[in-house]
Amino acid sequence: MGDLFANLGLGFATVLSLSPVDLPGLGPTSLPVNILLCFIGCLVGTLIGVLPGVGPIATIAMLLPITFKFDPTGALIMLAGIYYGAQYGGSTTAILVNIPGEATSVVTTLDGHQMARQGRAGVALGMAAIGSFFAGCVATVLIAALGAPLTRLALIFGPAEYFSLMIMGLVFAVVLARGSILKAVAMILLGILLSTVGTDLETGQERMTFGLQFLSDGIDFAVLAMGLFGIAEILRNLDNVETRDVVKQAIGRLLPSREDLRQSIAPILRGTAIGSILGILPGNGAVLGPFAAYTVEKKLAKDPRRFGRGAIEGVAGPESANNAGAQTSFIPLLTLGIPPNAVMALMVGAMTIHGIIPGPQVMTKNPNLFWGMIASMWVGNLMLLIINLPLVGLWVRLLKVPYRLMFPAILMFCCIGIYSINSLPTDVMFIAFFGLVGYALIKFGFEPAPLLLGFVLGKLMEENLRRALIISRGDMMTFLERGVSAGLLAVALIMLIIALLPTIQKRRDEVFTE
Amino acid sequence: MTSQPERAAEPRSGPIRDTQSLVAGLALIALAAFAVWAISNLPQGTLRQMGPAMLPRWLAIGVGLCGLALLISAFTAVGPALERWSLRGPVFVILAIFVFAVTIRPFPIGPLSTPGLGLIAAGPLAIIIGGFATPEARLRDLVILALALTAFCMVLFGDLLNLPIPMFPQALSDLFPQTVSNDNRLRSVAGLMALTALAIFLVTHRSSRPADVAHHTGQV
């Protein structure tokens, strides 16, 4: 317990620390740079995240270059801020426009938008903010508490255990993906296949590069993500005739009444618990959080018919679960070095750009960065609460910008963003290529998110598979003979079988289409 | 991985009950075959000492099997038809990205090379060409957006963040007197662009939806 507080103290000291900055005109001045970066990250993340049709993945990919200038700690604090900001912005859009920015805010549209239509948009936004803040506080403490023990666990993991853990993560990702299981499996395999493009690290031979020089280092992750999520999303949105249903009613007051609060306390607590637990699961468990929280609230309600007609519990529960999951999904990344979803995969990319390899060694080698990032999560949540409530009017005006002007701007930011990473025009051309690929995938009914996850885990998996097999002298049984590894594979197998059972499969469809 | 599925939706007739799965399955099989071909000259190795081709080959076979399963399901289960494909959106968006890529800095195409015009040209070109991806595009709005947003990006990325992005061609930079610093050259060019955007906005200003345009140009 004492350790926990000492570590959090170190984190807050990092976040609040002053560093000298050379301001034009003023000369060197001491400024709390990290906290300013956190603030800017939250603000810009919300600004972009509010735009309908721009989810957290595209937002982070687009804003990655603005973090390049700073030291790794500041950059990651800013990126984390961008992430919560985008997440929170998505909820604002869901409530005000009835367009979910991404999968996790789908359920918020159900009751949140209804509340907005009844002139209670302010209360819905306020409740979402309060619920998210509470969930964020709990999740921060949870990450801090679980960080150290899980890291110790990770250090005893060998290649075989890592490989099995990643298999389990990918199975979870398949089970939790929307739509057909077969298509999700295909996407994950394709993602891993794409990750093998480039020079083979062990033998130095080029694989599937066709003699092209820019492929010899493999496909750049940021390029793939920007193409699949930024450009393909624009192409998809252009196909749909835009019907934006921005609420015409007044926003109303922001602070929930005593009665609203009383109704929401239990849902917030339950949502936080559900979201935190699901968020830790490898393989995008965070997506399931809001759905599960909504279902639980509906089951527990005295009068379930109120749901879908503007029940405040239907906003408070899922929003808390959403934010808790968004934060606890950092746990697998920070402790084991395994990204559980596409957003965290992007974080891996960002960390690598700054020269940090995610994994158990981050905590021991860069304690400032590790604990600073965790403390910044709490600070970021507080800032979101402060930024968002007074700025609601601005977000509403932003929502009225027509898409015909929005997408060219997004397009240019994507181009600048990707060019600034490597200064390579071929990278820019590749986002066009992957944009087309992503557009085709969407048209064929494939989800691009599992592909991205497979791509990120692919390299790690191949490395660990090879190492494990070298150690065991080519014996595949090593994955079953080692206890932990066998256990992880068993969990994966059980999950897969359960998901394939006809009754469960039917229920799964219901959850995702609700 | 370069197999770009260009097939249009097949008509819904005969034993095929799920055109989306059919085309998706065929695309996956084609992709898998392509990957197997692409690694055919690499050694497979043994489990004990895996060669570079082993894992990609397993994965390609897995992708192919998924494709096969999808193909079979197209005949057994009813599914959604293939959605309509539009051409205008992808063509303009892709064109805009390519124009950005070849104008941001000199790009060799065969023996020739495109002139490196920097962000001052690449940004507006991308916005204006890309903007025509929707039939609702209006040139006036796009020009204003392009000028104002590029000016904003030049100041943000060039001046504040110092990212190594080419901003404008050397010829333009040479127009300034030697005494003016690089940063001030950038700022004055950006300021000029923003003023031009404002001027166009004011001159062509009519009562139709003016407030929106003025509002977001600075913020998006």
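Definitions and limits used
Residues numbered from 1 in each chain as written. Chains lettered and ligands numbered in written order. Predicted model: local features only at pLDDT ≥ 70, side-chain atom pairs only at ≥ 80, totals over all residues. Helix = DSSP H or I, 4+ residues; strand = E, 2+ residues; numbered from the N terminus. Rg over C-alpha atoms; globule rule 2.2 N^0.38 Å. Buried ≥ 20, exposed ≤ 12 C-beta atoms within 10 Å, placed from the backbone. Contact = placed C-beta atoms within 7 Å. Axes fitted to C-alpha atoms, helices over the stretch in contact; angles between N-to-C directions. Left-handed = near helix turned anticlockwise from the far one by under 90°. Nonpolar A, V, L, I, M, F, W, Y, C, P; charged D, E, K, R; others polar. Expected span 1.5 Å × (residues − 1). pLDDT = per-residue confidence, 0-100.

Counting its regular elements, chain A contains 22 helices and 4 strands. Computed over its C-alpha atoms, the radius of gyration of chain A comes to 22 Å, within 12% of the 24 Å expected for a compact globule of 514 residues. In terms of overall dimensions, chain A has C-alpha extents of about 70 × 65 × 55 Å along its principal axes. Relative to its full complement of 514 residues, chain A shows a buried share of 60%. The long-range share in chain A, meaning contacts at least 24 apart out of those at least 6 apart in sequence, stands at 78%.

Okay, the overall build of chain B next. Helix and strand counts for chain B come out as 8 helices and 2 strands. Each helix and strand of chain B, placed in order from N terminus to C terminus, yields the pattern α-α-α-β-β-α-α-α-α-α. Here chain B holds 220 residues, and the buried ones make up 40% of them. Sequence-distant contacts, at least 24 apart, represent 66% of the contacts inside chain B between residues at least 6 apart.

So, on to the environment of glutamate 161 of chain A. Mapped onto the elements of the fold, glutamate 161 of chain A is located in helix α7 (residues 159-176). For the pair glutamate 161 of chain A and glycine 81 of chain A, spaced 80 residues apart in sequence, the C-alpha to C-alpha distance is 32 Å.

Time to look at the packing of helix α9 (residues 221-239) of chain A against helix α3 (residues 88-104) of chain B. At a closest axis distance of 9 Å, the pairing of α9 of chain A and α3 of chain B adopts a crossing angle of 145°. In this structure, the crossing between α9 of chain A and α3 of chain B has a hand that is right-handed. Residues Ile231, Ile234, Leu235, Leu238 and Asp239 of chain A of α9 of chain A form the contact with α3 of chain B, whose participating residues are Gly89, Pro90 and Val93 of chain B.

On to the interface of chain B and chain A, then. With 70 residues of chain B in contact, the opposing surface of chain A contributes 58 residues. Looking at the side of chain B that touches chain A, the elements with two or more residues in it are α1 (19-38), α2 (54-76), α3, α4 (119-131), α5 (139-160) and α8 (210-217) of chain B. Looking at the side of chain B that touches chain A element by element, the count peaks at 11 residues for α3 of chain B. When the residues that make up the side of chain B that touches chain A are grouped by side-chain class, the tally is 49 nonpolar, 15 polar and 6 charged.

Moving on, we come to unusual backbone geometry. Across residues other than glycine, the phi torsion is negative in most instances, and most of the peptide bonds are trans. Residues and elements named next belong to chain A. Its identity as a non-glycine residue notwithstanding, serine 423 has a phi of 55°, on the positive side. With respect to the element layout, serine 423 can be found in the loop between α17 (403-422) and α18 (425-443). Residue class for serine 423 comes out partly exposed when judged on the 13 C-beta atoms lying within 10 Å of it.

Another point: α3 of chain B. With 17 residues, α3 of chain B should cover 24 Å at 1.5 Å per step; its first-to-last C-alpha distance of 24 Å lies within 8% of that length. Within α3 of chain B, 13 of the 17 residues are buried, leaving the element largely enclosed by the surrounding structure.

Looking now at α4 of chain B. The terminal C-alpha atoms of α4 of chain B lie 17 Å apart, and with 13 residues this matches the ideal 18 Å at 1.5 Å per residue to within 8%. Counting buried residues in α4 of chain B gives 12 out of 13 residues, a clear majority hidden from the surface. In this structure, the buried side of α4 of chain B is in contact with α17 of chain A together with α3, α5 and α7 (182-203) of chain B.

With that out of the way, let us pick up the environment of serine 40 of chain B. Looking at where serine 40 of chain B falls in the secondary structure, it is placed in the loop between α1 and α2. With 59 residues separating them along the chain, serine 40 of chain B and valine 99 of chain B place their C-alpha atoms 36 Å apart.

So, on to the packing of helix α14 (residues 342-353) of chain A against helix α19 (residues 448-471) of chain A. Helix-helix packing: each pair is described by the crossing angle between the helix axes and the interaxial distance. Residues and elements named next belong to chain A. Close contact between α14 and α19 brings their axes to 9 Å; oriented N to C, the two are set at 40°. Pair α14 / α19 crosses with left-handed handedness. Taken together, the residues of α19 that come into contact with α14 (itself represented by Ala342, Ala345 and Val348) are Ala449, Leu452, Leu453 and Val456. For the contact of α14 with α19, the residue count by class is 7 nonpolar, no polar and no charged.

Within the element layout of this structure, phenylalanine 446 of chain A appears in the loop between α18 and α19. The buried category is assigned to phenylalanine 446 of chain A, around which 25 C-beta atoms lie within 10 Å. Taking the C-alpha atoms as reference points, phenylalanine 446 of chain A and glycine 211 of chain A, separated by 235 residues in sequence, lie 30 Å from one another. Here phenylalanine 446 of chain A is in contact with Lys183, Met187 and Leu441 of chain A together with Ala24 of chain B, once residues within four sequence places are set aside.

To continue, consider the confidence of the model for chain B. Residue and element names in this part refer to chain B. Per-residue confidence for chain B averages 79 on the pLDDT scale, and 86% of its residues sit at or above 70. Throughout residues 207-220 the model reports pLDDT below 50, and contacts reaching past four residues in sequence, or to other chains, amount to 22 contacts. In the predicted assembly, ipTM is 0.82 and pTM is 0.83.

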